Each structure stands twice: as C-alpha cells, then as structure tokens.
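Secondary and tertiary structure notes
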Amino acid sequence: MNTHYFYTSIKILILGIVLVYNLNLNAQSKTKPNVIIIYTDDQGAVDLGSYGAKDIYSPNIDQLAKEGTRFTQGYVAAPVCAPSRAAMLTGKYPQNAGVSGNTSATPNSKGLPAEQYTMAELFKDNGYATGHIGKWHLGMDEASSPNKQGFDYSFGHLRGCIDNYSHYFYWEGPNVHDLYENGKEVFYDGTYFPDLASEKAINFVENQKDQPFFLYYAINMPHYPYQPTEKWREFYKNTPKPRGDYAAFISTIDERIGFLVDKLETLNLLENTIIIYQSDNGYSTEVRAFNGGGNSGPYRGAKSSLFEGGIRLPTIIQWKNHLPKNTVNHQFLMNLDWMPTLASLCGFTTPLKDIDGMDLSKMIKNPATNSPRTSAFWKYGNQWVVRKGNWKLIGNPKDTSHKGILNFENDALFLTNLQMDVSEMENLAKKYPEKVKELIQEYITWEHGNEKDIPKKIKTVSHIAVHKLITTQSKLNANYQNIEVLIDGKFGYADFSTGQWIGVEGKDVELIIDLKNSEPISEVGINYLSSAGNWIFPPQEFEVCFSEDGEKFKNLKSVKIKQTKQQNSIDYASLSTSQKSRFVKITIKGIGVCPDWHTGAGNPAWFFIDELIIK
C-alpha cells in the first residue's frame, strides 16, 4: 500500500470533517437572533405617538410597535435610573442585584457588584459579541465597569448624565469630564453626544454583522439637560417649554433609532434581530428638568414615585416575522423578566440561578396565553409596593407628578385596584381593610419587606406652642413654606417628601413663635431628620432667645448637634431653661455644604425640621 497516498487521504478526510463542522457552526451562529435593547432615560408613560401622544413625532419607534408588540403593562423594577438598569441587566430585584438606589458619581465608588451575572455575560457565554453604548450609571470603580460586566465593547458616560456637547458632568461635586471608550477616557469636544452614540451603535452593528451580537443601547435622553438640535427646536417652536424641548429630545431619539434600523435593513439583519424598547423610569419633575416636560397620561406619579407614572412605561418588542406584529398586549411584564425571556427566545440552555425574572416568551408569542407574572414587589427609599393581581398597595406614597394631595394621616397606606381605576387618585384602604392586611402580609413575607416599613399612626405631642402663631423673615424654599406644620403637634414620618417637614438648603433659618401669652418655659427642642443619601444632615446647632414684646430678645442659649451619616432617622435636640416669655426665637443653623466624605462634597447641604417643641 502506498503510505504517502494513505496519509494524504486521511488528511483530506480530516480537513473535510473540520470544514463541515465549521460550516455547521457558522450556520448555527447565523440562526441565533441578534438582540438590541434600547433603554431610554426619564421618558414619560405616554410620550410616543403609539402610546397616544398627539404632540410628539416618533414615526420610527411607532413603526417598531406596528411591526411588533406594544405592552400597556410594561413595568420597571425601580423609579430611578441605576436600580432600574441593574434589575434589567441581572433579572433581579434591585435589592438582590446590589443596587437599591442611584450610584455615586464619586471616582472609584462601587456600583453593580462584580459577582452579579449580567445579561451581557449570558450572551457572551452563548457566543455573542456584546456592546454597550450610552449611559452606564452602575458604578465608577473598575469592577462595576461595563467591560468587567460582560461587555466586549463600551462607549459612553459612567455617571447619571452629561452635557451633550462638552461631555462634562455638572451635577454633583467638581465638574468632571465623563466620556469613556473601553475604560479609557476619550475626548470629542463639541460633538453632540446623541450623534456620537448613534455612530458608535451603527459601527458596532456593522463590525459584528457576521456573528450574533447583543447591543445595550442606553440612550441618555430625554434626561436633562434638555439640549435639542436646531432641527427639532424649529419643529417644536410652537410647543410651550419645557414640553417643546422634551418632545424635541424624543424626536431626536426616534430619528437615531431610525438610523439604526436602516442599517439593520441594509445589512439584511432586521429579520434576525430582536429589538426591545423601554424607558428606565418615568419623566422627571426635577428643577433641572424645568419641573417637567413629560407626561404620565392617565397615571399618577413620575420619576422617583412608585405610583404608576413612575414605573409603568413604554415597552415594545419586535422580531420581524417571528413574533406577533401590530399587537397590543395588556398583560403584566417587568424589565427584570427580559433576561430569562430573551434566553428562551434565543434558545439558550444556560441555567439562570437565583433570579427574580420570569420567562414570558410564551405569553409574548401568544398574547392569549396568561402571563406567569401575576405579582411583584417594589422598594425605593421609604416607599414600597406589593402588587397582587390587580390590587396594589403602596406604603409611604410619593406623588412627584403633583396630581393630587396626599394626606399622610389617611394615605400612608394607599390601596388601589388597577382594573377599576388606573389613575390611583382614590385611596381604597378604608373601603377594603382586609385587602390591606392581606397585602401587608405579602410584603412582610417578601425577603426585603419588613414590619418596620409599615407606616404607623402619626404620633402626636402636646406642648404649649401647638397651633400658636409662627412667623419667619428667612427666605424659604418654594416647596417648604408651610411652617405651621412645625407647631401642629404631630411628628412626621422619616421621609422628607411627605409634606410634614420644612427643608432648608445651604443656609440658616430664624423662626419666631408667639405663645399669645407670657408662659413659663422649661425646655425648647427641635425634631430633625437625617438622610445623608438625600443630602440631608442634622443641623449644626440651634439657638433660642426670648422676648415679651417680640422685638427685644435676650437670654440667648444654644446647643451643638452631633453630625451623623444615618439614613432616614429622626432625632431630637433640646435645651433646658427657666424663663417666662411670650415670644420665642429659634435660629437653626445648617452645616452649609456637604462634608468631605459625602458624594456631594462642597455642594449645598439640606436640613429638615419638623416639630418645634416648647414645654
């Protein structure tokens, strides 16, 4: 036998097997769908044409809905940026993902823990190229950076927001440049960030067209600062601000999504690409957002609120010729469900351990199928929610949309039925007390629920200043001018937003109480709140002096107050005296600026006071 011929034949056979194997692998990779998650920033619940907005032009996003499924009960797991993103990327409640609130902007501060298994890591483990474009806001240290959390490629800003031209972060501490590519600081001075991000997203798709890819396109709009281009400013010139600038930002988003979809079509990738569109939380009513611009439609609440307007948001999925088109799905879905759902749609067999998300792929494929998602929990700051079926109970509710007044003597536990009334304007707690008890028990049994979180009856206190006359010459913040709450005989909850507190930013306040008659006084005290995470610190000291005529004050006494780093705690400071007086002047001095150890170091610090007690 010819030995040379034999070995040559074996080599050819082996090469043939390898070639067939590689062709098979390539064929398999081609059948894996690409996935793009488009996550917008602070977008209102109805701020798309497909969601009912008559004053917003969004044809490209509306086309996604027309070619796919639009959800009317698409929720996020938190009403602010970082925990919402952490939940989506890990398939877990924010508390289980290790990010229960917004992460710090301080260099090297921690964020999403390294041990969390992210959606990017899931796709990477299944042979996908992974990319992140846009906003991150999940930590400043290397361990929590995009490239360490499963993304092969990353371009964008690490903090919560940037100026779209200088790419500087201006909103906490020193002004800092915040633009990175794969962990390295990069400079594109004067280039509009939405254009940069759009270009990078298109380039990523182009570069990965021959292999399956996962792209997390975290668009930083319509989050402030509102900086629309001349084209869209002109388009909305007759729309009053801030709505006009906000709407222009939505159209800016829409236009760039159009660019991306066009690229997918050009590359013949659209039919093999799952596209998800969702907002991270409701629209902002912060001062930096000019107190609004967005719209929550029939829902109460906005960003930072667990009313529907803060967490029930535009949610769309499209997979052309694979999933239902032009469909409106009314079933319950949360952003933490995307991870197991996409794993199923993509055919992954990777076990997903200890997640809170549910595989909703069957319900998405067939909207007539009941969703396995029938209940959920939320917890953000002092607010918490348990939803079971259509019943929803909110503890310590906060209405950032200012659609109604909350009376915390009656509304600290707020019950609604979303099938009966999605507006959440009427509290049903007194009408259905047994349902309240049932849902409280559900909340307490949740791993992050606690009986201490359940609002108790407001505590009252009797003292000689209750319902007397209180005045001030100090200029108060526009949101905290109801100084009569300081002598109403009621203690506030440990939450600055309940309307029971008076907040003062970066300065001191002087208050005069008229007791109507000269009274013997043995003690003067103040209730104050500590909540370092909200930039609220104990007062530095308070001073007291006395007068019989309200003009000449004497016998000044003062007390220094110990500074703490506590979160959501109420404390009391007092001084003893032996006076007889009609008028009592109380001067409360703040620390001025946030201390060096705080993320807002150097910025104005707040103090919040409640009951001023005179015995």
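This next bit is on the pattern of salt bridges. A complete count under the given rule lists 34 salt bridges for this structure. Residues R85 and D41 are paired through a salt bridge, measuring 3.4 Å at the closest nitrogen-oxygen approach. In this pair, R85 is assigned in helix α3 (residues 81-90) and D41 in the loop between β1 (34-40) and α2 (59-66), connecting sequence segments 44 residues apart. For the pair R85 and D41, a shared accessibility class is recorded, and that class is buried. With a closest N to O distance of 3.0 Å, K392 and E424 form a salt bridge. Here E424 lies in the loop between β16 (413-417) and α12 (433-445) and K392 lies in strand β15 (residues 391-395), a separation of 32 residues in the sequence. With relative accessibility at 0%, the residue E424 sits in the buried group. Connected via shared salt-bridge partners are D41, R85, K135 and D280.

Another point: the confidence of the model for the protein chain. Mean pLDDT over the protein chain works out to 93, with 95% of the residues at or above the 70 mark. In this model, residues 18-29 is a region of pLDDT below 50 whose contacts with residues beyond four sequence positions or in other chains number one contact.

This part is about the packing of aromatic side chains. The full count for this structure, using the stated rule, is 41 aromatic pairs. For the ring pair Y480 and F608, a centre distance of 5.1 Å and an interplane angle of 85 degrees mean the geometry is edge-to-face. Note that Y480 is positioned in the loop between β17 (469-472) and β18 (502-505) and F608 in strand β23 (residues 606-614), a separation of 128 residues in sequence. Per residue, the accessibility class of Y480 equals that of F608, and both read buried. The side chain of R387 reaches across the aromatic face of F332, ending 4.1 Å from its centre.

Looking now at the sheet that holds strand β2 (residues 69-75). The strands that make up a sheet pair up through hydrogen bonds in the backbone, lying either parallel or antiparallel. The ten strands lie next to each other as β8-β7-β4-β3-β9-β1-β10-β11-β2-β12, forming an open sheet whose pairing is mixed. On the outer flanks of this sheet lie β8 (184-185) and β12 (327-334), each paired with one strand and no other. Of the pairings in the sheet, the one linking strand β4 (residues 153-157) to strand β7 (residues 180-181) comprises two bridges and is antiparallel in character. Its bridge partner being in β7, F155 is matched across the sheet by E181. Relative to the sheet, α3 contacts β1, β3 (129-135) and β9 (213-218), its axis offset from that of β1 by approximately 165 degrees. On the sheet, helix α6 (residues 193-207) packs against β3, β4, β7 and β9 and is oriented at approximately 175 degrees with respect to β9.

In this sheet, strand β19 (residues 509-530) lies alongside β17 in antiparallel orientation, the contact comprising four bridges. Bridging from a neighbouring strand, T471 pairs with I512 of β19. Bridge count between β19 and strand β22 (residues 569-589): 17 bridges; the pairing is antiparallel. Considered in β22, the bridge of P520 is made with K580. Examined bridge by bridge, β19 and β23 share five bridges and lie antiparallel to one another. Within β23, the residue paired with L529 across the bridge is F608.

Interhelical geometry of α2 versus helix α8 (residues 243-266) gives an angle of 60 degrees and a closest axis separation of 7 Å. Relative to α8, α2 is oriented oblique. Contacts from P59, N60, I61 and L64 of α2 reach α8 at I253, D254, E255, I257, G258 and V261. Across the contact of α2 with α8, the residue classes tally to six nonpolar, two polar and two charged.

Conventions we followed
Residues numbered from 1 in each chain as written. Predicted model: local features only at pLDDT ≥ 70, side-chain atom pairs only at ≥ 80, totals over all residues. Heavy atoms only, no water. Salt bridge = Lys/Arg side-chain N within 4 Å of Asp/Glu carboxyl O. Helix = DSSP H or I, 4+ residues; strand = E, 2+ residues; numbered from the N terminus. Buried < 20%, exposed > 50% of the residue type's maximum accessible area, 1.4 Å probe, protein only. pLDDT = per-residue confidence, 0-100. Contact = heavy atoms within 4.5 Å. Phe/Tyr/Trp six-rings, centres within 6.5 Å; stacked < 30°, edge-to-face > 60°. Lys NZ or Arg CZ within 6 Å of the ring centre and 35° of its normal. Pairing = 2+ DSSP bridges. Axes fitted to C-alpha atoms, helices over the stretch in contact; angles between N-to-C directions. Parallel < 35°, antiparallel > 145°, perpendicular 65-115°, else oblique. Nonpolar A, V, L, I, M, F, W, Y, C, P; charged D, E, K, R; others polar.

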